[in-house]
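Observations on the three-dimensional arrangement
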Amino acid sequence: MRMLARLAGRIGVGAVGGALAVLLAAGAAGTAHAQTITSVIKGQEEAVTTFAPQVPPPITRAYNTKVVVHLETREVTARLSDGVEYTFWTFGGHVPGKMIRVMEGDLVEMHLSNHPSSKMPHNIDMHSVTGPGGGAASSFTAPGHTSVFSFQALNPGLYVYHCATAPVGMHIGNGMYGLILVEPRGGLPKVDQEYYVMQGEFYTKGVHGAPGLQPFDMAKALEERPEYVVFNGSVGALVGDNALKAKVGDTVRLYVGNGGPNLVSSFHVIGEIFDTVYPEGGFTTNHNVQTTLIPAGGAAMAEFRIQVPGTYILVDHSIFRAFNKGALGMLKAEGQASQTVYSGKVLDEIYKPEGGAIQSTEAAPTPVVARNKAERIEFGKRIFNQICAACHQQTGLGIPGAFPPLAGSDFLNADKERAIGILINGLSGAITVNGKPFNSQMPSLQLTDEDIANVLTYVYNTWGNKGFTVTPDEVAKHRKK
């Protein structure tokens, strides 16, 4: 019945010209409550969107409207940590992307533009959307283009949005996520301060703190082994002058999202107890909560009242992430002390990140080595399906306009040495494959010499390619150049 109700909602959305009636039918007795929502769409407005940690203002209108949202995807190089830069893929040039705020029942018209300077196509999967892919298929956007789709915000809650273009994990891992709040009818309880905080992790080739421009490391991402876990896109984004602010007596609501792409967050504010938590971004509430779990691709709202002044530390309580990888922020509260509530001394510098040095006494595992060409092809197929198929497809045909084909590729077959170099160093810039232009980005995959030899041998012996064998010695020789 719920599926039928949502279908009715989508049919109704098309009738924008007049009254829009949406009926969510009653579920079976004892398992669901009957809910009827009647939405009349009046007029149109431009969405107010904000970069973290700011939050769009509460909605004061008492009716539903058409809300037009404009987001732009950009690929930008910026600070990840002191002395460390990273090429982020973003919604709007910042991580996380802008926060969006609409009302339950609103008709949302999403305009997604991909900046002409982008190397990759992008799209948006909005967890607030009732419809296949959350809008991803409807919003697949090449550089220099704009896509438009609409949806009705049927369900109130706090939802993640993210890019879902292949390879999905890489797009999310490079920073493509944000939050949309669908306010319930009548709004949320009034608070004094609202802030937008979003956790995410970054997988860099260099170890934590290694200086310079750091590339994305697919191997670490597959192993779920980030060098950085941060709030709002970088180490220190919420400390010092960038700390959140409040006063004694203020009620504070934090809208907390977890972009992932892999880790579950154990969100905690040191020195505070959450009076109310809306777990998983819904409207069932928990009270007097110390730490709340936020899954990758999930969100929560946490409310508390400031009773004594001082600096409160926001952390992922998977604690090495906070003090060694960057998942640490501050909320600074000013006002009159209360010796009854807390008599201790508060120090602003008590929590200092300790750095990311990692020690190990483990012996390195013995790699499995192909003994002949047949095994090299077999092992290479396994690597291809794990890493390469998302972009180049299991057929080797790629995605037109986005990812070049490997099947019968004149570019690939023309130069085996060049192919080895691409897997070692990655590839960025314009190329022509089988007479068609491509201008995307292939990251360095951080594969071993054995793995590169295996996957290239598989590709060269599949889909009508030239049947070359690539050996680890050839790869090692090229790597020394």
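Residues numbered from 1 in each chain as written. Predicted model: local features only at pLDDT ≥ 70, side-chain atom pairs only at ≥ 80, totals over all residues. Heavy atoms only, no water.

Within the open sheet, the 6 strands sit side by side as S13-S11-S15-S20-S17-S18. Their pairing is mixed. One side of each edge strand has no neighbouring strand; the edge strands of this open sheet are strand S13 (228-231) and strand S18 (286-289). Each strand of the sheet is rotated relative to its neighbour by a mean of 25°, with strand direction disregarded. (Pairing = 2+ DSSP bridges. Helix = DSSP H or I, 4+ residues; strand = E, 2+ residues; numbered from the N terminus. Axes fitted to C-alpha atoms, helices over the stretch in contact; angles between N-to-C directions.)

Taken together, the 4 strands give an open sheet; going across it, the order is S5-S10-S9-S7, and neighbouring strands pair in mixed fashion. Strand pairing shows two members of the sheet lacking a second neighbour, strand S5 (100-103) and strand S7 (125-126), which therefore form its edges. Pairing analysis gives 4 bridges linking S5 to strand S10 (residues 177-183), with the strands arranged parallel. Counted as the bridge partner of Met103 is Glu183 from S10.

Another aspect to go through is the environment of Glu450. Following the sequence through the fold, Glu450 ends up in helix H8 (residues 449-460). On the basis of relative accessible area, Glu450 is assigned to the buried category, the value being 12%. For the pair Glu450 and Val369, spaced 81 residues apart in sequence, the C-alpha to C-alpha distance is 7.0 Å. Sequence-distant contacts of Glu450, defined by excluding residues within four places in its chain, comprise Val368, Val369, Ala370, Arg376 and Pro472. (Buried < 20%, exposed > 50% of the residue type's maximum accessible area, 1.4 Å probe, protein only. Contact = heavy atoms within 4.5 Å.)

This part is about the confidence of the model for the protein. The predicted model of the protein has a mean per-residue pLDDT of 88, with 87% of residues at 70 or higher. Within the model, the stretch residues 1-36 combines pLDDT values under 50 with 46 contacts to residues more than four positions away or in other chains. (pLDDT = per-residue confidence, 0-100.)

Looking now at the packing of aromatic side chains. Tallied over the entire structure, the rule returns 13 aromatic pairs. Taking the centre distance of 6.1 Å and the plane angle of 5° together, the rings of Phe267 and Phe274 count as stacked. Residue Phe274 is classed as buried on the basis of its relative accessible area of 0%. Aromatic pair Tyr278 and Phe283: ring centres 5.7 Å apart, planes at 75°, arrangement edge-to-face. Classification of Phe283 as partly exposed rests on a relative accessible area of 33%. Taken together, the ring pairs in this structure connect Phe231, Phe267, Phe274 and Phe304 into an aromatic cluster. One cation-aromatic arrangement involves Lys416 over Phe468; the distance from NZ or CZ to the ring centre is 5.7 Å. Here Arg418 stacks its cationic end above the ring of Phe411, 3.7 Å away from the centre of that ring. (Phe/Tyr/Trp six-rings, centres within 6.5 Å; stacked < 30°, edge-to-face > 60°. Lys NZ or Arg CZ within 6 Å of the ring centre and 35° of its normal.)

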